[in-house]
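Read off the chains here:
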Amino acid sequence: MTRILITGASGLLGSNLAIEWSKTDEIYGLFLNNRPELPRVVPAACDLLDAEGLRRLLGEVRPEVVVHAAAMTSVDACENDPAAAWAVNVQGTSNLMQACPPATRHLIYISTDYVFSGLRGHYTEADAPSPVNVYGRTKLDGERLIMGSPIPWTIVRTSFFGWSPGGGGRTVRRCFMEQSLASLESWNTVTAWTNRFSTPLLVNNLAQVLMEIARLGLTGLWHAGSEQRVSNWQLLRYLAKCVGGGAQGGAAEGAATAAAATASAAVDLVKGAAFQSQPGLGRAERPFDTSLCSYRLQAALGRGFGDYRQAVQRWLDLRNNGYLFAV
Ligand SMILES: NC(=O)c1ccc[n+]([C@@H]2O[C@H](COP(=O)([O-])OP(=O)(O)OC[C@H]3O[C@@H](n4cnc5c(N)ncnc54)[C@H](OP(=O)(O)O)[C@@H]3O)[C@@H](O)[C@H]2O)c1
């Protein structure tokens, strides 16, 4: 059993990763404001800006593996307060690195597809990053720090969606898929960008990928995205199709026809629009196509990561099967 510390354990990735990983290993979940109440996970409060507190905590826990998933992730908040973004995403990363005790043999840094300009897409690990906003720049600066770490390190650039942790009086921040699902299930329209592309993984699948990386001791820079580039519009249309089709699931005679009609009506709720990046007025510039090419990592792990349809289906299945965070 490996002792693992996950920062950002109250966030979307950290909490889901902690749930998956705690089935086999000893997990400590670092948080700032929102105490994670997760089965088998030991919560630990600490601010990444508190270098001394971090040193004390990591000295006590003595993690063998550290997964750094905490960050200031709101792209617009980063743009509006670059100093705060730099403090958390860069200085915080530095503080964490320096707090790792000799017991730590692997440091895994979660990075983002937003380190790229988004002008081309299909980015490989060999492509030069060129972020268009403060969030991307601070995450890239964090990467550069990690690359200088004496501890064997891994950087995973990714994008993902999943069920967000809720409850416990926290301010629940739902990811865009959860928000879209809520609208579609209330038969409200959603606007989706036809010209913004990415390769989002289901967060639970990303958790499995990260656990495999740690088990294999895979180091270096890796891209982890779904197998097929998808526009925001295609993704939400597929979600709508599942939602609409599912509404009639299991009904008696004529179910297939009724389900198809309902699915089609649900898909019509997704209104395509062309995104125009209009930075300013509190809005950061957004990249258009940040799709990642993950062939290298898939080859290293000896398996595929699935496409967006599989990710959406598994996401909905998790809820149907009573997944802890599903709403
Ligand atoms: N969401 C995406 O689609 C996406 C895409 C690509 C990469 N990423 C990267 O993936 C990682 C996880 O993202 P996420 O969406 O899961 O994050 P999230 O849900 O926004 O959660 C952020 C986490 O960081 C913690 N945190 C923030 N400031 C902190 C500080 N000063 N000290 C200690 N903890 C602090 C928060 O703690 P409290 O809640 O307790 O305050 C929370 O646990 C991040 O590194 C992000 O850059 C995310």
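Residues numbered from 1 in each chain as written. Predicted model: local features only at pLDDT ≥ 70, side-chain atom pairs only at ≥ 80, totals over all residues. Heavy atoms only, no water.

A.B. asks: Would you mind showing me how to read the pattern of salt bridges here?
C.D. replies: If charged atoms from side chains of opposite charge come close, those side chains can pair. The final tally for this structure, using the stated rule, is 16 salt bridges. Here Glu 64 makes a salt bridge to Arg 105, at a shortest N to O gap of 3.6 Å. With Glu 64 in the loop between α2 (51–61) and β4 (65–68) and Arg 105 in the loop between α4 (82–99) and β5 (106–112), this residue pair connects regions lying 41 residues apart in the sequence. Judged by its relative accessible area of 23%, Glu 64 falls in the partly exposed class. Looking at Arg 105, the relative accessible area reads 42%, which means it is partly exposed. The partner of Glu 178 in a salt bridge is Arg 174, with the nearest N and O atoms 3.5 Å apart. Owing to a relative accessible area of 5%, Glu 178 belongs among the buried residues under this scheme. We classify Arg 174 as partly exposed; its relative accessible area is 25%. (Salt bridge = Lys/Arg side-chain N within 4 Å of Asp/Glu carboxyl O. Helix = DSSP H or I, 4+ residues; strand = E, 2+ residues; numbered from the N terminus. Buried < 20%, exposed > 50% of the residue type's maximum accessible area, 1.4 Å probe, protein only.)

A.B. asks: When you look at helix α6 (residues 176–185) in this model, what are you seeing that I'm missing?
C.D. replies: Because each turn of an α-helix spans 3.6 residues, side chains separated by three or four positions in sequence point in the same direction. Among the residues of α6, those classed as buried are Met 177, Glu 178, Ser 180, Leu 181 and Leu 184. Angularly, the buried residues of α6 cover 165° about the axis, an arc narrow enough to put them on a single face. Positive phi shows up at Trp 187, right after α6, with a value of about 60°. (Arc of directions from axis to C-beta.)

A.B. asks: How do you make sense of the site of the ligand when you look at a structure like this?
C.D. replies: Contacts to the ligand come from 27 residues, most closely from Ser 10, Leu 13, Thr 73, Tyr 135 and Lys 139. At 2.7 Å, a side-chain N or O of Ser 10 approaches an oxygen atom of the ligand. Side-chain polar atom of Thr 73 to an oxygen atom of the ligand: 2.5 Å apart, as the coordinates give it. For the ligand, whose free accessible area comes to 910 Å², the fraction covered by protein is 86%. Sorting the residues of the shell around the ligand by element identifies α1 (12–21), β2 (26–31), β5 and α5 (134–147) as the ones contributing at least two each. With 3 residues, β5 is the single largest residue contributor to the shell around the ligand. The residue makeup of the shell around the ligand, split by class, is 14 nonpolar, 10 polar and 3 charged. (Near = heavy atom within 4 Å. Polar contact = N/O pair within 3.5 Å; in protein donor to acceptor, adjacent residues only side chain to side chain. Areas by Shrake-Rupley, 256 points an atom, 1.4 Å probe, with all protein chains shown as cover. Nonpolar A, V, L, I, M, F, W, Y, C, P; charged D, E, K, R; others polar.)

A.B. asks: It is not clear to me how the sheet that holds strand β3 (residues 41–45) should be interpreted in this structure. Could you clarify?
C.D. replies: The 7 strands lie next to each other as β3-β2-β1-β4-β5-β6-β11, forming an open sheet whose pairing is parallel. Of all the strands in the sheet, just β3 and β11 (220–224) have a single pairing partner and so form its edges. Pairwise comparison of adjacent strand axes, ignoring direction, gives a mean angle of 20° for this sheet. Helix α7 (residues 203–216) rests against β5, β6 (153–158) and β11 of the sheet, and its axis sits at about 145° to β5. (Pairing = 2+ DSSP bridges. Axes fitted to C-alpha atoms, helices over the stretch in contact; angles between N-to-C directions. Contact = heavy atoms within 4.5 Å.)

A.B. asks: Looking at this structure, I do not really get unusual backbone geometry. What am I missing?
C.D. replies: Both trends apply: most residues other than glycine have a negative phi, and most peptide bonds are in trans. Even without glycine at this site, Arg 62 takes up a positive phi of about 50°. Along the chain, Arg 62 falls in the loop between α2 and β4. Even without being glycine, His 122 reaches a positive phi, approximately 55°. With respect to the helices and strands, His 122 occurs in the loop between β5 and α5.

A.B. asks: Can you walk me through the packing of aromatic side chains in this structure?
C.D. replies: For any pair of aromatic rings, the description consists of the separation of the ring centres together with the inter-plane angle of the planes. For the structure shown, the criterion picks out 8 aromatic pairs. On the numbers, 6.1 Å between centres and 70° between planes, the contact of Tyr 114 with Tyr 135 is edge-to-face. Taken together, the positions of Tyr 114 in the loop between β5 and α5 and Tyr 135 in helix α5 put the pair 21 residues apart, joining distant regions of the chain. Comparing Tyr 114 with Tyr 135, the two get one shared label, buried. Summarising the aromatic geometry, the rings of Trp 193 and Phe 275 are spaced 5.1 Å apart at their centres and angled 65° between planes, so their arrangement reads as edge-to-face. Of this pair, Trp 193 sits in strand β8 (residues 190–193) while Phe 275 sits in the loop between β13 (270–273) and α10 (295–301), and the two are 82 residues apart along the sequence. Look at Trp 193 and you get partly exposed, because its relative accessible area is 28%. (Phe/Tyr/Trp six-rings, centres within 6.5 Å; stacked < 30°, edge-to-face > 60°.)

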